[in-house]
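Now for the letters of each chain:
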Amino acid sequence: MKLINNVTQKKLFVYIFSSFCIGTLIISYIYKINLSNLFGTADLSPFLLQFNISVKNGGVVSDLATHWQYIQILRQDFLNLFSYEMGVDTKLLNYPLHNIIFSQLYFVADDIKKYLFIYFCLSLIIPYLFFLNLSLALKKTNKYLLFLISCLIYILPAFQYSAIWGNNHLTALFFFLIGTLFHLKTRSKNYKKFGYSLISIFFLSLAAYTRQYYAFFFIFIFFELFTKLRFGSFLKITLFTFFLSVPGIFFLMKNPLLLFGIHNIAITNFGSSILISSSICLFYILPFIIQYLLNNFQNIKNTFNKLFNLKIFLISLLIFVIFLPFFYYQGNIGGGLFFKLFTSILNQKYIFFILSFFGIYFIFFFTQKNFYSFILSILLLCTFSSGIFIFQKYFEPMFLMIFLLFFDKNKIESCLKKNNVIIFTYFVSYYFLFNYIYFFGL
């Protein structure tokens, strides 16, 4: 069954589905739903009660208190940016571009409800930016289908609660998607539009100045540009990037906890974080794997031959075997959905380990066959290996976007062109499951 058959003749479905996705986000905003606190307490946030907003505490609501307080600090005196130390004088442990921007919008910074409303409205643009990216990355795929895929972002829980509660996660994503859009434009012009690369680097740096973990993408970009640009152009890109990084380096020297964190006791280790990250990535790849099987189904042998690659299997197995004996993750905060489900709830840790292995395997399976794409996959596995909590919200919707934009487009288009019902059903079910847990519990 194909969810969209002759989609250009069935615009009504496109309108209905996109309206459903946007409508769920609007309803969540109106009723102030906090899906980031699925397993937390039912206590109301004392911070938001000051503003006559009743909502469950924890998750991004706690982050909102931190961000709003720092916005007010900068609003009172912008020079506090240099006198307050991150993690010491404020709980904030991100580069503060998000807070700088909104602290200077005085019509927003004087009222938290205005801030939440303006931020919510701005968040509605992000799936459209994703659609523009998809149109460049997957040119063979029907534009109506790409539009529907971009609308799926609206119903992802981490996107919804970030949009509702003014989290800088989406500010970084906004800059990131503009950066990737111009990088994809650079690709489409065979790297001959040097200005596109400069614009891309500029907006990607803004993303990193909002959420520092986006800096990992620069490594991927540099490897790609190094292989595609002439030496002179690449040198100019390098100098431009260094110029953009200087403020960040000085700010980091003043605020070392941005790099090292505030945790003296490690929650996890490097190898364990890779297994956690791979299981989280698998959660988003899983419907594409199933769809790939269905769309390429001829007979069982040929289908599984398409999915099995001996070289990838051996590399994945080596990584898995090296890190598995030293696995530990302390506490029940973070870890991703599969970790919580199979270790904390069902007490089936071995299933979680199997899923982690498949996560590693399928990340490499869908990786494009070039060196810099392989680097990107390694970076996605290693970026959140600082030894502290790993949250699924870090990957959502960032990983899904990177997967669709920068992984093997032939395999991804193969997942989409014949049949796509599994992908849409999977993510809609994910949305309803989260809401069911939130309102009724397990």
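Residues numbered from 1 in each chain as written. Predicted model: local features only at pLDDT ≥ 70, side-chain atom pairs only at ≥ 80, totals over all residues. Heavy atoms only, no water.

**Here we look at the pattern of salt bridges**
Thought 1: By the definition in use, this model includes 2 salt bridges.
Thought 2: A salt bridge links K393 to D63; the nearest nitrogen and oxygen atoms lie 3.2 Å apart. Residue K393 is found in the loop between α21 (371–382) and α22 (398–406), and its partner D63 is found in helix α3 (residues 60–76); the two are separated by 330 residues along the sequence.
Thought 3: Accessibility expressed as a relative area gives 19% for K393, which makes it buried.
Thought 4: With a closest N to O distance of 2.7 Å, E224 and R187 form a salt bridge. In this pair, E224 sits in helix α13 (residues 216–228) while R187 sits in helix α11 (residues 168–188), placing the two residues 37 residues apart along the sequence.
Thought 5: In this structure E224 comes out as buried when scored by relative accessible area, which is 0%. (Salt bridge = Lys/Arg side-chain N within 4 Å of Asp/Glu carboxyl O. Helix = DSSP H or I, 4+ residues; strand = E, 2+ residues; numbered from the N terminus. Buried < 20%, exposed > 50% of the residue type's maximum accessible area, 1.4 Å probe, protein only.)

**Topic: the side chain of E413**
Thought 1: Tracing the backbone through its elements, the reader meets E413 in helix α23 (residues 409–417).
Thought 2: No salt bridge is formed by the buried E413, whose closest oppositely charged neighbour, K140, lies at an N-O distance of 4.9 Å.
Thought 3: One polar contact links the side chain of E413 to the main-chain amide nitrogen of K140, over a distance of 3.4 Å.
Thought 4: E413 has contacts with L138, K139, K140 and T141, leaving out every residue within four places of it along the chain. (Lys, Arg positive; Asp, Glu negative; His and termini not counted. Polar contact = N/O pair within 3.5 Å; in protein donor to acceptor, adjacent residues only side chain to side chain. Contact = heavy atoms within 4.5 Å.)

**Describing the packing of aromatic side chains**
Thought 1: The tally for this structure, following the rule as stated, stands at 72 aromatic pairs.
Thought 2: Geometrically, the ring pair formed by F270 and F323 is edge-to-face, given 5.9 Å between the ring centres and 75 degrees between the ring planes. Of this pair, F270 sits in helix α16 (residues 270–295) while F323 sits in helix α18 (residues 310–323), and the two are 53 residues apart along the sequence.
Thought 3: Sitting over the face of the ring of F365, K411 holds its NZ or CZ atom 3.7 Å from the ring centroid. (Phe/Tyr/Trp six-rings, centres within 6.5 Å; stacked < 30°, edge-to-face > 60°. Lys NZ or Arg CZ within 6 Å of the ring centre and 35° of its normal.)

**A word on the side chain of N295**
Thought 1: Relative to the helices and strands, N295 is located in helix α16.
Thought 2: The exposure class of N295 is buried, given its relative accessible area of 5%.
Thought 3: A polar contact is formed between the side chain of N295 and the backbone oxygen of S414, at a distance of 2.8 Å.
Thought 4: What N295 contacts, discounting residues up to four positions off in sequence, is S414, C415, L416, K418 and N419.

**With respect to the state of the cysteines**
Thought 1: In the structure shown here, the tally under the stated rule is 0 disulfides.
Thought 2: C151 supplies the cysteine sulfur nearest to C21, a cysteine that is in no disulfide, at a spacing of 5.5 Å.
Thought 3: For C121, which is in no disulfide, the shortest distance to another cysteine sulfur is to C151 and amounts to 17 Å.
Thought 4: C121 gets classed as partly exposed once you look at its relative accessible area, which sits at 32%. (Disulfide = S-S within 2.5 Å.)

Distances and angles like these do not, on their own, reveal function.
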